Amino acid sequence: MSRATDVKQGIREHLGQFSLHVLLVFATGLTIGSERTVVPVLGEQVLGVESFLVIGSFVVSFGFVKSLLNLYAGKWGEEYGRKPVLVLGWLTALPIPIVLIYAPSWSWITVGNVLLGVNQALTWSMAINAKIDLASPDQRGLAVGIDEAFGYTGVAVGAWITGVIAGQTNLRPEPFYFLGAVVLLAFLISVFLIKETVQLAQLEGDDDHHDANLPFVDVLKRATYGDRTLLAAAQAGHVENFVDTLFWIAVPLYLTSQGLAIELVGVVVGVHSAMYFLQIGTGGLADRIGRRPPVVVGMFVAGAGVLGMVFVDSYLPWAVLAAFSGLGMALLYPNLMTVPSDAAHPTWRSAGMGVYRMWRDSGYGVGAILIGLTMQFVSPEAAFYLTAGLMFLSGAVVVVWMEETHPEFGTHEPPAPAPADD
């Protein structure tokens, strides 16, 4: 019997390893969430940073490093396997709590977030690729939905827990003791319990297919501009991360300036990310109705939630609108990521996902610059208007350009291969 018939994909068939990867992506979310509530306020109140643009610099460093490493994480995952890249990602995270606890100036925080960008790129990229490896093709949307749901639930829990700890103790060091425990546990799980999954992806495709084994440069071109559907997904992913950046930089500073206590700011930021747990349902929904409908709806719902936050002035409405924008993100986030996984041949799927994630997460860096400049030279409220307007514009591009990529009833056809040289 061939190896291909001996080894089967499926979440149930690999439930133990799939569950461990769910736990690890939850830890990845906890790691970044632990900075969401506390660090911007730490910069303003402890380290004396007065410029919104300077405060945003730590997200700029994070975003551009993560986007570049996403590109290479996918490539490395194909060449060396998922596990070595995953372990390297958690090894990189070990110094982060120490930097946050002892940083004497904001520049240290910015440099520390370079390590965070490396950690998030390597660990989250490998978590999603491993889950897609383990799941069967008809469970791909569900696998991505579970990954993103637990990852962003981790973001919400990390933001909430560190906000509570900071409110009851200090902005540092106490919140970052929690972060240190998370990082150490995740590193040990990655080293001792995780198994390699790349062989499952290698069994999935036909190496003789004309789309198989594309060179990395060709994958980069295809996923960036060579395929209009993938271009629509990449630009939407780039812009939707402006919303995430807004909740990382502008929302905590705006709400504290309005007199909201740090514990309640943590709840508002956390409830936005907590809505991402609905991705378990929205990813599975896309397996039934297609990727495009939830992406289109999600872009406009998320933008509307952001826009609404400047028209209210109390805790409960802020929390409700944060949740509404989070619902939009839950609709679009996993299904945008499933588009390149549908469109890619298994032999270069990890690399193709890496290209998409590069363009998506560069939105952190670009968004932080635009949001920081807007807050600094216009007003904090203007950052909300800017983000919402760009979400609406990007959603319109999706409506016009993105075709359905669902493997069973999608309308998307990859570009025809170039004619072979005689």
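Residues numbered from 1 in each chain as written. Predicted model: local features only at pLDDT ≥ 70, side-chain atom pairs only at ≥ 80, totals over all residues. Heavy atoms only, no water.

Draft legend 1. Quick look at the overall build of the protein chain. Helices and strands together make up the secondary structure of the protein chain, namely 19 helices and 0 strands. A compact globule built from 422 residues should have a C-alpha radius of gyration of about 22 Å, and the protein chain, at 21 Å, falls within 12% of that. Of all intrachain contacts in the protein chain linking residues separated by at least 6 positions in sequence, the fraction that spans at least 24 positions is 87%. Of the roughly 15500 Å² that the protein chain leaves accessible, carbon and sulfur atoms contribute 66%. Positive and negative side-chain charges in the protein chain, numbering 21 and 34 respectively, have mean positions lying 4 Å apart. (Helix = DSSP H or I, 4+ residues; strand = E, 2+ residues; numbered from the N terminus. Rg over C-alpha atoms; globule rule 2.2 N^0.38 Å. Contact = heavy atoms within 4.5 Å. Areas by Shrake-Rupley, 256 points an atom, 1.4 Å probe, with all protein chains shown as cover. Lys, Arg positive; Asp, Glu negative; His and termini not counted. Charge placed at Lys NZ, Arg CZ, Asp CG, Glu CD.)

Draft legend 2. Examining the nonpolar core more closely. Formed by 114 residues in total, the largest nonpolar core has its most connected members in Trp90, Ile109 and Phe384. Trp90 has contacts with Leu24, Ala27, Thr28, Thr31, Asn119, Thr123, Val183, Ala186, Phe187 and Ser190, leaving out every residue within four places of it along the chain. In this structure, Leu134, Ala135, Ile146 and Leu200 belong to the second largest nonpolar core, which totals 8 residues. (Core = buried A, V, L, I, M, F, W, Y, C linked by side-chain atoms within 4.5 Å. Buried < 20%, exposed > 50% of the residue type's maximum accessible area, 1.4 Å probe, protein only.)

Draft legend 3. Just the side chain of Ser125, in detail. Within the element layout of this structure, Ser125 appears in helix α7 (residues 106-134). Given the relative accessible area of 2%, Ser125 is considered buried. One polar contact links Ser125 to Arg357, side chain to side chain, over a distance of 3.1 Å. If sequence neighbours within four positions are ignored, Ser125 has contacts with Asn70, Ala73, Gln120 and Arg357. (Polar contact = N/O pair within 3.5 Å; in protein donor to acceptor, adjacent residues only side chain to side chain.)

Draft legend 4. Broad picture of empty space enclosed by the protein. Taken as a whole and assessed by the stated rule, the structure comprises 1 cavity of 30 Å³ or more. A volume near 30 Å³ is recorded for the largest cavity. Lining of the largest cavity is provided by Ile32, Arg36, Lys66, Gln120, Trp124, Tyr152, Val155, Asp244 and Tyr364. Secondary structure elements with two or more residues in the lining of the largest cavity: α2 (15-36), α7 and α8 (140-168). Broken down by class, the residue content of the lining of the largest cavity amounts to 5 nonpolar, 1 polar and 3 charged. (1 Å grid on protein atoms, 1.4 Å probe; cavity = no way out; pocket = protein on both sides within 12 Å on 5 of 7 lines; lining within 4 Å. Points joined across faces, edges and corners; volume = space filled by probe spheres on them. Nonpolar A, V, L, I, M, F, W, Y, C, P; charged D, E, K, R; others polar.)

Draft legend 5. Spotlight on helix α9 (residues 174-192). With 19 residues, α9 extends 28 Å between its outermost C-alpha atoms, agreeing within 8% with the 27 Å of an ideal straight helix rising 1.5 Å per residue. When α9 is considered as a whole, its buried residues turn out to be Pro175, Phe176, Leu179, Val182, Val183, Ala186, Phe187, Ile189 and Ser190. Looking straight down α9, one finds its buried side chains confined to an arc of 165°; they lie on one side. For α9, the exposed residues lying more than 90 degrees away from the buried face are Tyr177, Ala181, Leu185 and Phe192. Summarising the contacts, the buried residues of α9 are in contact with α2, α3 (38-45), α5 (82-93), α6 (96-102) and α8. (Expected span 1.5 Å × (residues − 1). Arc of directions from axis to C-beta.)

Draft legend 6. Broad picture of unusual backbone geometry. Cis geometry is found at the peptide bond from Arg172 to Pro173, where omega equals 10°. Mapped onto the elements, Pro173 comes out in the loop between α8 and α9.

Draft legend 7. Quick peek at helix α11 (residues 216-226). Among the residues making up α11, those that are buried are Val219, Arg222, Ala223 and Thr224. On its buried side, α11 packs onto α12 (228-248) and α18 (349-377).

Draft legend 8. Spotlight on a nonpolar patch on the surface. On the surface, a nonpolar cluster with roughly 640 Å² of combined accessible area is contributed by Leu88, Leu91, Leu94, Leu184, Leu188, Phe192 and Leu193. With 3 residues, α9 is the single largest residue contributor to the nonpolar patch. With respect to the helices and strands, Leu91 occurs in helix α5. (Patch = residues over 30% accessible without salt bridge, like charges linked within 9 Å, V, L, I, M, F, W, Y side chains within 5 Å. Salt bridge = Lys/Arg side-chain N within 4 Å of Asp/Glu carboxyl O.)

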